[in-house]
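Take a look at the letters that make up each chain.
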Amino acid sequence: MSEIKVNSIKGVAATTAALSINNTDGTCTANLSNRQGKNLVINGAMNVAQRQSASTSTQGVATVDRFKKIGSGCGNTFSQEQITLTSGDAYDAGFRKAFRVSQDQAGTANAAGAIDFSHYIEAQNLACSGWNYTSSSSKITLQFWFRASTNQTFYGVLYTPDGTVQSYPFSFTASGNNAWTKITHTISGNSNITINNDNGTGLIVYLIPFYGTDYTDNSKSVNAWSAHSTNYCPDMASTWLTAGASTFDVTGMQLEVGSVATDFEHRTYEDEFQKCLRYYEQMSSYGKASGYFAVGFNESTTEARHALLYKTYKRTTPTITTNGDANFKNHQTGTSVALSSLSIVDITPQSARCVATSSSAVLTDGGCSILSSYDTDDAIIKIEAEL
């Protein structure tokens, strides 16, 4: 019997080994481009947009699921939206949607001005990912596609809020105006990082079109972890901000354990949607006259109580809101009646109870009841457990 003894196996033109061998115990580490579950970013292909896809100036998570836009202090209006791709390098790489941040007009580079968008990663997903985040020899790799209507040096920041807050800025630049560019960046661990094994925020990934000098300082080193202060990155050019109705698009975001940016993990829409539901779920009647939400019983001739069951267990006890009590009705056989009030109580990570008071005493006490939409209104229940 013969055997081959090697330290690693590497492609002819490759700089990184496809297979690395431990000379002591014979175990190996492989750089697999098609391994499942490697992407720590949820909805990195920007496909899921439960709230809406159209442009809105609403702050926070308002269009593409799991991605948040913040913009203020520049004398203009910033918007966010999910856009559809029909051509280009990102399209050829398999992406059909992107997240866009835009401004309605040229802004002023005020010190307190800021525009960024961010993705929050749950701490326990990182803590159990296999990344030894306190070791400088253990690495994670971030990749994403981006394009901007004007080109300059932009910054990204990784931010760990647990323990003594640490941040890691890095720069990136497009190959040209409105040119899709794939960015990859590998980050080493650091002994000062803390990531709790819980359902809180473990890491925030920021991409920054503009920060004013209240948030920047040239003393902030790039490509290195340091204790976070008010400064996220070095001072930024204001080219994008002051150019006019600028746009900044991102798709294909992936964060994985290891020193190599492997092929993007294209998950099915259903797989990505299910992951998003842990943080946000939207129930809608979609304009139907009788869109059904919950089933229960009539507590009296005017009040019904319904069990509201979510599609999946939420990250934490959610906040539940509706788009107006008048959009709902109590519905029983042969009778439906508008609501004077709708309260959602006894909220847990898996369910809640709706107390629906009707505008007139027509319900059958003790009978079955359904919470449904009223006439053709687009009734909506929003269940939010975002980081």
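Refer to the preceding data block for the structure.
Here the structure is a predicted model, which means the values were calculated and not measured. (Residues numbered from 1 in each chain as written. Predicted model: local features only at pLDDT ≥ 70, side-chain atom pairs only at ≥ 80, totals over all residues. Heavy atoms only, no water.)

1. Focus: empty space enclosed by the protein
Part 1: All chains considered together, the criterion is met by 1 cavity of 30 Å³ or more.
Part 2: Estimates place the volume of the largest cavity at around 40 Å³.
Part 3: Taken together, Val-61, Arg-66, Phe-67, Lys-68, Ser-118, Tyr-120, Glu-386 and Leu-387 make up the full set of residues lining the largest cavity.
Part 4: Those elements that place two or more of their residues in the lining of the largest cavity are β4 (67-72) and β7 (114-122).
Part 5: Along the lines of polarity and charge, the residues of the lining of the largest cavity split into 4 nonpolar, 1 polar and 3 charged. (1 Å grid on protein atoms, 1.4 Å probe; cavity = no way out; pocket = protein on both sides within 12 Å on 5 of 7 lines; lining within 4 Å. Points joined across faces, edges and corners; volume = space filled by probe spheres on them. Helix = DSSP H or I, 4+ residues; strand = E, 2+ residues; numbered from the N terminus. Nonpolar A, V, L, I, M, F, W, Y, C, P; charged D, E, K, R; others polar.)

2. Quick notes on unusual backbone geometry
Part 1: Of note in this structure, Asn-223 is not a glycine but carries a positive phi near 60°.
Part 2: Inspection of the secondary structure puts Asn-223 in the loop between β12 (201-211) and β13 (226-227).
Part 3: In the Ramachandran plot, Asp-346 falls in the positive-phi region, its phi being about 50° despite a non-glycine side chain.
Part 4: Topologically, Asp-346 is positioned in the loop between β20 (335-345) and β21 (351-358).

3. Comments concerning the pattern of salt bridges
Part 1: One pass over the structure, following the stated rule, counts 11 salt bridges.
Part 2: The residue Arg-147 makes a salt bridge to Asp-249 at a minimum N-O spacing of 2.7 Å. Separated by 102 residues along the polypeptide, Arg-147 in strand β8 (residues 139-148) and Asp-249 in strand β14 (residues 247-257) bring together distant segments of the chain.
Part 3: Measuring nitrogen to oxygen at the nearest pair gives 3.5 Å for the salt bridge that ties Lys-311 to Glu-281. Of the two residues, Lys-311 is situated in the loop between β17 (303-309) and β18 (319-322) and Glu-281 in strand β15 (residues 280-284); the sequence distance between them amounts to 30 residues. (Salt bridge = Lys/Arg side-chain N within 4 Å of Asp/Glu carboxyl O.)

4. Observations concerning the sheet that holds β7
Part 1: Spatial strand order, β4-β7-β12-β9-β10-β13: 6 strands in an open sheet with antiparallel pairing. Where the open sheet ends on each side, the last strands, each with one partner, are β4 and β13.
Part 2: Relative to β12, strand β9 (residues 153-160) runs antiparallel, the two sharing 5 bridges. Among the inter-strand pairings, Gly-156 is bridged to a residue of β12, identified as Leu-207. (Pairing = 2+ DSSP bridges.)

5. Section: the state of the cysteines
Put plainly, a disulfide is one covalent bond tying together the sulfur atoms of two cysteines.
Part 1: A complete count under the given rule lists 0 disulfides for this structure.
Part 2: Here Cys-233 is not cross-linked by a disulfide; its sulfur's nearest cysteine counterpart is in Cys-74, at 13 Å.
Part 3: Residue classification places Cys-233 among the buried residues on the basis of a relative accessible area of 0%. (Disulfide = S-S within 2.5 Å. Buried < 20%, exposed > 50% of the residue type's maximum accessible area, 1.4 Å probe, protein only.)

6. Examining the side chain of Lys-68
Part 1: Among the secondary structure elements, Lys-68 is positioned in strand β4.
Part 2: One buried charge, Lys-68, has no salt-bridge partner; the nearest side chain with opposite charge is Glu-386, at 7.0 Å.
Part 3: When residues no more than four places from it in sequence are discounted, the contact partners of Lys-68 are Gly-60, Val-61, Asp-116, Phe-117, Ser-118, Tyr-120 and Leu-387. (Lys, Arg positive; Asp, Glu negative; His and termini not counted. Contact = heavy atoms within 4.5 Å.)

7. As for the packing of aromatic side chains
Part 1: On inspection of all chains with the given rule, the structure shows 22 aromatic pairs.
Part 2: Taken together, a centroid distance of 5.1 Å and an interplanar angle of 85° make the contact between Phe-99 and Phe-117 edge-to-face. Pair noted here: Phe-99 is in strand β6 (residues 97-103) and Phe-117 is in strand β7, with a separation of 18 residues, a long-range link.
Part 3: Exposure remark for Phe-99: the relative accessible area of 0% places this residue in the buried category.
Part 4: Here the aromatic residues Phe-67, Phe-99, Phe-117, Phe-144, Phe-146, Phe-154, Phe-170, Phe-172, Trp-240 and Phe-248 are joined through ring pairs into a cluster of three or more.
Part 5: Directly above the ring of Tyr-280 sits Arg-51, whose terminal nitrogen or CZ lies 3.5 Å from the centroid. (Phe/Tyr/Trp six-rings, centres within 6.5 Å; stacked < 30°, edge-to-face > 60°. Lys NZ or Arg CZ within 6 Å of the ring centre and 35° of its normal.)

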